[in-house]
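Structural description and commentary
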Amino acid sequence: MKILFYGTKKYDEQFFTALLPQYPGIEIRFTDTNIHEETAPLARGYEAICAFVNSDLRTEVIRCLAENGVRLILMRCAGYNNVDLKTAEKQNITVLRVPGYSPQAVAEHAMALALTANRHTHKAYIKCRENNFALNGLMGINFYKKTAGIIGTGKIGQAMAKICRGFGMKVLAYDLFPCRDLDFVTYVPLEELLSSSDLISLHCPLTAETHHLICKKTISKMKDGVVLVNTSRGALIKTDDLINGIREHKFFAVGLDVYEEETDFVYEDMSEQILQRSTIQRLLSFPNVTMTSHQGFFTQEALSNIAFTTLENAKAYMNGGDLPNRISC
């Protein structure tokens, strides 16, 4: 099987190349070009392509892949909201993903964002570099004995709930399918979670139902001085409403690893370019907001697991085996 890996970085090559000798019969070509309608024809001659969370796999792209002989899409990530599954099914293209590579990696990053935003660690670092050791503007709050609200208790949400418990927090959760193994968590309706939580962390997938879950209406139900963290998908939050809430002092702190505008330039160095949209700059202008570049997954353990599961998916498809990580519409 020949696989074309789109949008790869050096760390992708490092982890996949290290495991490739264990998978005879699989041949990989890496390209740093991401997939979109203009680059999809590069896949001619390949049975499979491998894409990431920032890839464009809309209707036209899927059709182009099918016309060029592609029969398998390997997503080296858990999310697949960027994939037109209906068109893939119509074109007889199988889509496989990596459902869980390291829930702890993302959950730990979520708490790191919460702590950084709360204690203004990012600001303190810059001040110390400039020999400014004053504490003005750096006051935070204790998380101990506060209430954490976890929206979405899949594997990552469960890991975040356990971290919050370790901080001595009361943990509330909202999920359509509660995890009964979390015996220390109290499941409540969304409205109650919003109104009762001092820290709200988003860990749900992006669907039609969760799109702009955090908006003017839900923000109004939150406590004043709440800490909000998002390490899931940017479009869970309606950014303009978030900005208005920050301006109205609704939030004590906000930590974002994902945001609505990230698709065009996530994982790219844009430091020498003038961005055509200003949402990120507006968010970064607030002293109580900290942002990272969709790096919640970025640990050695997670990258190793991503490479292993992706290659196992390819092997299972190639050998006609069971496909437990198949995505269906």
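To be clear, the structure that these remarks concern was listed above.
What counts, and at which threshold
Here, residues in each chain are numbered from 1, in the same order as that chain's written sequence. Confidence filtering applies because this is a predicted model: local features only for residues at pLDDT of at least 70, side-chain atom pairs given and counted only at 80 or more, and all residues used for totals across whole chains, interfaces and linings. Only heavy atoms go into the side-chain values, all of them from the structure, while hydrogens and water stay out. In this description a helix means any DSSP run of H or I spanning at least four residues, a strand means any run of E spanning at least two, and both kinds are numbered starting from the N terminus. For the radius of gyration, the atoms used are the C-alpha atoms, and the globule rule reads 2.2 Å times the number of residues raised to 0.38. Relative accessible area decides the class of each residue, using a 1.4 Å probe on protein chains only: under 20% of the type maximum gives buried, over 50% gives exposed, and in between gives partly exposed. Contacts were defined at the residue level, with two residues in contact if any of their heavy atoms lie within 4.5 Å. Two strands are said to pair when DSSP picks up at least two bridges between them. The pairing test for Phe, Tyr and Trp rings, Trp by its six-membered ring, is centres within 6.5 Å, and the orientation test on the planes gives stacked under 30 degrees, edge-to-face over 60, and tilted for anything in between. Charge-over-ring contacts are defined here by two conditions on Lys NZ or Arg CZ: a distance within 6 Å of the ring centre and an angle within 35 degrees of the ring normal. Working convention: axes come from line fits to C-alpha atoms, limited for helices to the stretch in contact. Angles between N-to-C directions cover 0 to 180 degrees. Handedness of a crossover is defined as follows: orient the strands so they point away from the viewer, and if the path from the first strand over the helix to the second runs clockwise, the crossover is right-handed. Working definition of a nonpolar core: buried Ala, Val, Leu, Ile, Met, Phe, Trp, Tyr and Cys residues. They are joined through side-chain atoms within 4.5 Å. Roughly parallel refers to an angle under 35 degrees, roughly antiparallel to one over 145, roughly perpendicular to one between 65 and 115, and oblique to any angle outside these ranges. Crossing handedness is defined as follows: a turn of the near helix away from the far one that is anticlockwise and smaller than a right angle gives a left-handed crossing, while the clockwise case is right-handed. N or O atoms closer than or at 3.5 Å make up a polar contact, with two conditions inside protein: a donor-capable atom paired with an acceptor-capable one, and, for residues adjacent in sequence, both atoms drawn from side chains.

1. What to know about the overall build of the protein
Each helix and strand in the protein was counted, giving eleven helices and twelve strands. Taken over C-alpha atoms, the radius of gyration comes to 21 Å for the protein, in line with the 20 Å a tight globule of 329 residues would show. Counting over 329 residues, the protein shows a buried share of 51%. For the protein, contacts bridging at least 24 residues in sequence account for 69% of all contacts bridging at least 6.

2. A few points about the pairing of strand 3 (residues 48-51)
Burial of the side chains of strand 3 extends over both faces: Ala48 and Cys50 are buried on one face and Ile49 and Ala51 on the other. In this structure, strand 1 (residues 2-5) lies alongside strand 3, joined through three bridges in parallel fashion. Within strand 3, the residue paired with Ile3 across the bridge is Ala48. Examined bridge by bridge, strand 3 and strand 4 (residues 72-75) share four bridges and lie parallel to one another.

3. Digging into the packing of aromatic side chains
Describing an aromatic ring pair means giving the distance of the ring centres and the angle of the ring planes. Evaluated as defined, the whole model comprises five aromatic pairs. Across from the ring centre of Tyr46, 5.0 Å away, lies the NZ or CZ of Lys2, which sits over that ring.

4. Structural notes on the environment of Phe30
Inspection of the secondary structure assignment puts Phe30 in strand 2 (residues 27-30). For Phe30, a relative accessible area of 22% puts it in the partly exposed group. As for Phe30 and Leu275, which are separated by 245 residues in sequence, their C-alpha atoms are 28 Å apart. Sequence-distant contacts of Phe30, defined by excluding residues within four places in its chain, comprise Phe5, Thr8, Asp12, Glu13, Phe16 and Thr17.

5. Notes on the side chain of Asp198
One can find Asp198 in the loop between helix 7 (190-196) and strand 9 (199-202). The residues touching Asp198, leaving out its near neighbours within four places in the chain, are Lys146, Thr147, Lys223, Val226 and Val227.

6. Brief notes about the sheet that holds strand 12 (residues 289-291)
Strand order in this open sheet of seven strands is 8-7-6-9-10-11-12, and the pairing throughout is parallel. For this open sheet the edge positions go to strand 8 (185-187) and strand 12, each flanked by a neighbour on one side alone. Ignoring strand direction, the axes of neighbouring strands in this sheet form an average angle of 20 degrees. As judged from the five bridges shared by strand 6 (residues 147-151) and strand 7 (residues 170-174), these two strands associate in the parallel manner. By the bridge assignment for strand 7, Ala148 is matched with Val171.

7. Considering the sheet that holds strand 1
Across the sheet, five strands lie side by side as 2-1-3-4-5; this open sheet has parallel pairing. Each having just a single partner strand, strand 2 and strand 5 (94-96) make up the two edges of the open sheet. For this sheet, the mean inter-axis angle between neighbouring strands, taken without regard to orientation, is 20 degrees. Across the sheet, helix 11 (residues 300-318) lies against strand 1, strand 2, strand 3, strand 4 and strand 5, angled at about 160 degrees from strand 4, the strand it touches most.

8. As for the pairing of strand 2
Bridge analysis of strand 1 against strand 2 gives four bridges, and the strand direction is parallel. Among the inter-strand pairings, Phe5 is bridged to a residue of strand 2, identified as Phe30. For the segment spanning strand 1, helix 1 (residues 10-19) and strand 2, crossover handedness is right-handed.

9. Focus on the nonpolar core
The biggest cluster of nonpolar side chains holds 53 residues, and the ones touching the most others in it are Ile3, Ile49, Leu57, Leu65 and Ile73. For this core, the element with the highest residue contribution is helix 11, accounting for six residues.

10. Here we look at the side chain of Ser201
Here Ser201 shows up in strand 9. Taking relative accessible area as the criterion, Ser201 reaches 0% and is therefore assigned buried. Among all residues touching Ser201, those that are not within four sequence positions of it are Ala110, Gly149, Ile150, Ile151, Met160 and Val229.

11. Side note on the packing of helix 1 against helix 11
For the pair helix 1 and helix 11, interaxial distance at closest approach is 9 Å and the crossing angle is 55 degrees. With respect to their mutual orientation, helix 1 and helix 11 come out oblique. Crossing geometry of helix 1 relative to helix 11 is assigned as right-handed. Across from Tyr11, Phe15, Phe16 and Leu19 in helix 1, the residues of helix 11 making contact are Gln300, Leu303, Ser304, Ile306, Ala307, Phe308, Thr310 and Leu311.

12. Observations concerning the environment of His36
Inspection of the secondary structure assignment puts His36 in the loop between strand 2 and strand 3. Given a relative accessible area of 29%, His36 falls into the partly exposed group. Residues His36 and Leu57, 21 residues apart in the sequence, show an inter-C-alpha distance of 6.8 Å. For His36, the contacting residues outside a window of four places in its chain are Asp56 and Val61. A polar atom in the side chain of His36 sits 2.9 Å from the side chain of Glu38.

Limitation: the analysis is restricted to geometry and does not speak to function.
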